[in-house]
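This is what each chain is made of:
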Amino acid sequence: AYTVQVAAGANAAVLVALLRDAGLSGDAACVLERPDARQGWSALVGVHAERAAAERALAALPAKLRANAPWVRRLATVQAALRAVAAASLTSGTAH
């Protein structure tokens, strides 16, 4: 499965507003992939079974989002990052 990452940043609220302003809030999410990184949040749009479908979705994004140089990502890489964050928070005793 694939998704389209449209932006990354340090502030989830800014990314949520970007998605909402583009009319994508219903099929989008902001996820904390790297809590210790300067731009640890990722804004993702859609889930697609095939890479070609994700590429078509990327091409159909509003120009404002295409200007951010979005890219197609394997959903497995997002899931792996989220698992790593969860594991780190369990071992450190803090929730992210």
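Up top is the structure.
Report on the accompanying structure. (Residues numbered from 1 in each chain as written. Predicted model: local features only at pLDDT ≥ 70, side-chain atom pairs only at ≥ 80, totals over all residues. Heavy atoms only, no water.)

### Focus on the sheet that holds strand β3 (residues 41-48)
Taken in spatial order, the four strands make up an open sheet running β2-β3-β1-β4, and their pairing is antiparallel. Here the strands that pair on one side only, and so sit at the sheet edges, are β2 (28-32) and β4 (71-74). Put simply, the sheet's adjacent strands are angled 40 degrees from each other on average, direction ignored. Summarising the sheet, strand β1 (residues 2-9) and β4 pair through four bridges and their orientation is antiparallel. For glutamine 5, the partnering residue across the bridge sits in β4 and is tryptophan 71. Set on the sheet, helix α2 (residues 51-59) makes contact with β1, β3 and β4; between it and β4 the angle comes to about 150 degrees. (Pairing = 2+ DSSP bridges. Helix = DSSP H or I, 4+ residues; strand = E, 2+ residues; numbered from the N terminus. Axes fitted to C-alpha atoms, helices over the stretch in contact; angles between N-to-C directions. Contact = heavy atoms within 4.5 Å.)

### Quick look at the environment of alanine 43
Along the chain, alanine 43 falls in strand β3. Taking the relative accessible area as the measure of exposure, alanine 43 reaches 0% and is therefore buried. Considered as a pair, alanine 43 and alanine 1 are 42 residues apart in the sequence and their alpha carbons are 17 Å apart. Among residues more than four places away in sequence, those in contact with alanine 43 are Val4, Gln5, Val6, Ala7, Leu15, Leu19, Ala29 and Cys30. (Buried < 20%, exposed > 50% of the residue type's maximum accessible area, 1.4 Å probe, protein only.)

### Focus on the side chain of glutamine 5
Its location among the elements puts glutamine 5 in strand β1. Given the relative accessible area of 3%, glutamine 5 is considered buried. Separated by 3.3 Å, the side chain of glutamine 5 and the backbone oxygen of alanine 7 make a polar contact. In terms of polar contacts, glutamine 5 uses its side chain to reach the side chain of serine 42, at 3.3 Å. (Polar contact = N/O pair within 3.5 Å; in protein donor to acceptor, adjacent residues only side chain to side chain.)

### Considering the nonpolar core
Ranked by size, the top nonpolar core spans 16 residues in total, and within it Val4, Val6, Ala43 and Leu61 carry the most contacts. Among the secondary structure elements, those contributing two or more residues to this core are β1, α1 (12-21), β3 and α2. Sorting elements by how many residues they give to this core places β1 first, with four residues. Contacts of leucine 61, omitting those with residues within four sequence positions, involve Val4, Val6, Leu24, Arg66 and Pro70. (Core = buried A, V, L, I, M, F, W, Y, C linked by side-chain atoms within 4.5 Å.)

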